[in-house]
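Here's the letter readout for the chains.
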Amino acid sequence: MAATSDDDSTGLPATVLRHFGFALDPDKGIWRLPARMLWVDQVLAAAQASTLLTGLGHTVVADEETRTTALALAAQHAPPARSPGATLAQMSAPHTPVPPASAPLRR
C-alpha cells in the first residue's frame, strides 16, 4: 500500500505509482498493488517507486523490507536526474531482476 500527502491523482507521485502497478482505491484513498501480484514483485515495485520518488526529491516512508530493497536499488543505479519536461519513461529506474527464488513468496 501507498499514500500520498494530497488527493491529487494526476500529479507526479500518482503517475509514478501507476507506472509501477499501483491503483488508487477511491474508497480508502490509498494506492494498492494488485492482490494477484507475487509478494517479491510487490516489494520490488514498492522499492522502485520509492527509489524514483526519492530521487525526484519527494520524502518517502517505507517499511524496513521496502527501504532495504530501495537502498540496494539506489546503490546499483544513480538516482534519476531532475530535468524540466522529462517524461516518466525517461526518469524511471531501469528494470531490476527479480530476487532469487529463495525469497519467500507471500500472497
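Rules behind the numbers
Residues numbered from 1 in each chain as written. Predicted model: local features only at pLDDT ≥ 70, side-chain atom pairs only at ≥ 80, totals over all residues. Heavy atoms only, no water. Helix = DSSP H or I, 4+ residues; strand = E, 2+ residues; numbered from the N terminus. Buried < 20%, exposed > 50% of the residue type's maximum accessible area, 1.4 Å probe, protein only. Contact = heavy atoms within 4.5 Å. Areas by Shrake-Rupley, 256 points an atom, 1.4 Å probe, with all protein chains shown as cover. Axes fitted to C-alpha atoms, helices over the stretch in contact; angles between N-to-C directions. Parallel < 35°, antiparallel > 145°, perpendicular 65-115°, else oblique. Left-handed = near helix turned anticlockwise from the far one by under 90°. Nonpolar A, V, L, I, M, F, W, Y, C, P; charged D, E, K, R; others polar. Core = buried A, V, L, I, M, F, W, Y, C linked by side-chain atoms within 4.5 Å. pLDDT = per-residue confidence, 0-100. Expected span 1.5 Å × (residues − 1).

A.B. asks: Got a minute to help me understand the overall build of the protein in this structure?
C.D. replies: Scanning the protein from terminus to terminus reveals four helices and two strands. Its helices and strands in sequence order give the protein the pattern α-β-β-α-α-α, from N to C terminus. Looking at the protein residue by residue over its 107 residues, the buried ones come to 31%. Contacts in the protein between residues far apart in sequence, at least 24 positions, make up 54% of those at least 6 positions apart. Just so you have it, the protein exposes about 6900 Å², and 57% of that area is on carbon and sulfur atoms.

A.B. asks: Before we go on, may I ask you to explain the packing of helix α1 (residues 12–19) against helix α2 (residues 39–55) in this structure?
C.D. replies: In contact at an axis separation of 9 Å, α1 and α2 are set at 150° when each is read in the N-to-C sense. Between α1 and α2, the angle is such that the two are roughly antiparallel. Relative to α2, α1 is oriented so that their crossing is right-handed. Residues Pro13, Val16 and Leu17 of α1 form the contact with α2, whose participating residues are Ala49, Leu52 and Leu53. When the residues that make up the contact of α1 with α2 are grouped by side-chain class, the tally is six nonpolar, no polar and no charged.

A.B. asks: Please explain the nonpolar core as it appears in this structure.
C.D. replies: Membership of the largest hydrophobic core comes to 14 residues, with the highest contact counts inside it found for Val16, Leu17, Phe20, Phe22, Trp31 and Ala49. By residue number, the principal contributor to this core is α2, which donates five residues. Sequence-distant contacts of Ala49, that is, excluding residues within four places in its chain, are made with Val16, Leu17, Phe20 and Phe22.

A.B. asks: Explanation requested: the confidence of the model for the protein in the structure shown.
C.D. replies: A low pLDDT score tells you not to read the predicted coordinates there in detail. Residues of the protein with pLDDT of at least 70 account for 70%, and the chain-wide mean is 74. By mean pLDDT, helix α4 (residues 88–91) is the weakest element of the protein at 44, and α1 is the strongest at 91. Below a pLDDT of 50 lies the segment residues 84–107, which in the model reaches 32 contacts outside its immediate sequence neighbourhood of four places, other chains included.

A.B. asks: Mind showing me how you'd approach the side chain of Asp25 here?
C.D. replies: As for its placement among the helices and strands, Asp25 is situated in strand β1 (residues 23–25). Leaving out residues up to four positions away in the same chain, Asp25 has contacts with Ile30 and Arg32.

A.B. asks: Please explain α2 as it appears in this structure.
C.D. replies: Each full turn of the α-helix corresponds to 3.6 residues, which orients residues three or four apart in the same direction. Its 17 residues give α2 an end-to-end C-alpha distance of 24 Å, which sits within 8% of 24 Å, the value for a rise of 1.5 Å per residue. Positive backbone phi, at 95°, marks Gly57, one or two positions downstream of α2.

A.B. asks: Help me understand the environment of Thr54 in this model?
C.D. replies: For Thr54, the location among the structural elements is in helix α2. Owing to a relative accessible area of 47%, Thr54 belongs among the partly exposed residues under this scheme. Sequence separation of Thr54 and Ala70 is 16 residues, and the distance between their C-alpha atoms is 9.6 Å.

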